[in-house]
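Okay, here's what each chain looks like letter by letter:
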Amino acid sequence: MDPVTRFLLGAGLGAIASGITYAITTAPPWWWAVGLVVAVLVWFGDVLLDLFPF
């Protein structure tokens, strides 16, 4: 997958996850953390799967 496509997909999914978390709780650290974790997992998911093959 193209790196720019992966970046945009991660940013989009991170924003969606942040929005859902914000709707549940308005505590800023939680929705920021959830959004960043989702985005990072999407961005580096290919590398992580290469490191830990299941």
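Structural data are supplied above this passage.
The structure presented is a predicted model; accordingly, all values stated were derived computationally and were not measured.

So, how was this worked out
- Residues numbered from 1 in each chain as written.
- Predicted model: local features only at pLDDT ≥ 70, side-chain atom pairs only at ≥ 80, totals over all residues.
- Heavy atoms only, no water.
- Patch = residues over 30% accessible without salt bridge, like charges linked within 9 Å, V, L, I, M, F, W, Y side chains within 5 Å.
- Areas by Shrake-Rupley, 256 points an atom, 1.4 Å probe, with all protein chains shown as cover.
- Salt bridge = Lys/Arg side-chain N within 4 Å of Asp/Glu carboxyl O.
- Helix = DSSP H or I, 4+ residues; strand = E, 2+ residues; numbered from the N terminus.
- Phe/Tyr/Trp six-rings, centres within 6.5 Å; stacked < 30°, edge-to-face > 60°.
- Buried < 20%, exposed > 50% of the residue type's maximum accessible area, 1.4 Å probe, protein only.
- Axes fitted to C-alpha atoms, helices over the stretch in contact; angles between N-to-C directions.
- Parallel < 35°, antiparallel > 145°, perpendicular 65-115°, else oblique.
- Left-handed = near helix turned anticlockwise from the far one by under 90°.
- Contact = heavy atoms within 4.5 Å.

Caption draft 1: Structural view of a nonpolar patch on the surface. A cluster of nonpolar side chains, Val-37, Val-40, Leu-41, Phe-44, Val-47, Leu-48, Leu-51 and Phe-52, forms an exposed patch at the surface whose accessible area comes to about 740 Å². Of all elements in the fold, only α2 (28-43) and α3 (45-51) reach the threshold of two or more residues within the nonpolar patch. Among the structural elements, Val-40 can be located in helix α2.

Caption draft 2: Structural context of the packing of aromatic side chains. Counted under the stated rule, the structure contains three aromatic pairs. Arranged with centres 5.2 Å apart and planes meeting at 15°, the rings of Phe-7 and Trp-43 form a pair that is stacked. Of this pair, Phe-7 sits in helix α1 (residues 3-24) while Trp-43 sits in helix α2, and the two are 36 residues apart along the sequence. Classification of Phe-7 as partly exposed rests on a relative accessible area of 44%. Aromatic pair Trp-31 and Trp-32: ring centres 5.3 Å apart, planes at 20°, arrangement stacked. Taken together through their ring pairs, the aromatic side chains of Tyr-22, Trp-31 and Trp-32 make up a single cluster.

Caption draft 3: View of the packing of α1 against α2. Look at α1 against α2: their axes get within 7 Å of each other, and the N-to-C directions meet at 155°. The angle between α1 and α2 falls in the class roughly antiparallel. Like other packed secondary-structure pairs, α1 and α2 cross with a definite hand, here right-handed. Touching Arg-6, Phe-7, Leu-9, Gly-10, Ala-11, Leu-13, Gly-14, Ala-17, Ser-18, Thr-21 and Tyr-22 of α1 are Trp-30, Trp-31, Val-34, Gly-35, Val-38, Ala-39, Val-42 and Trp-43, all from α2.

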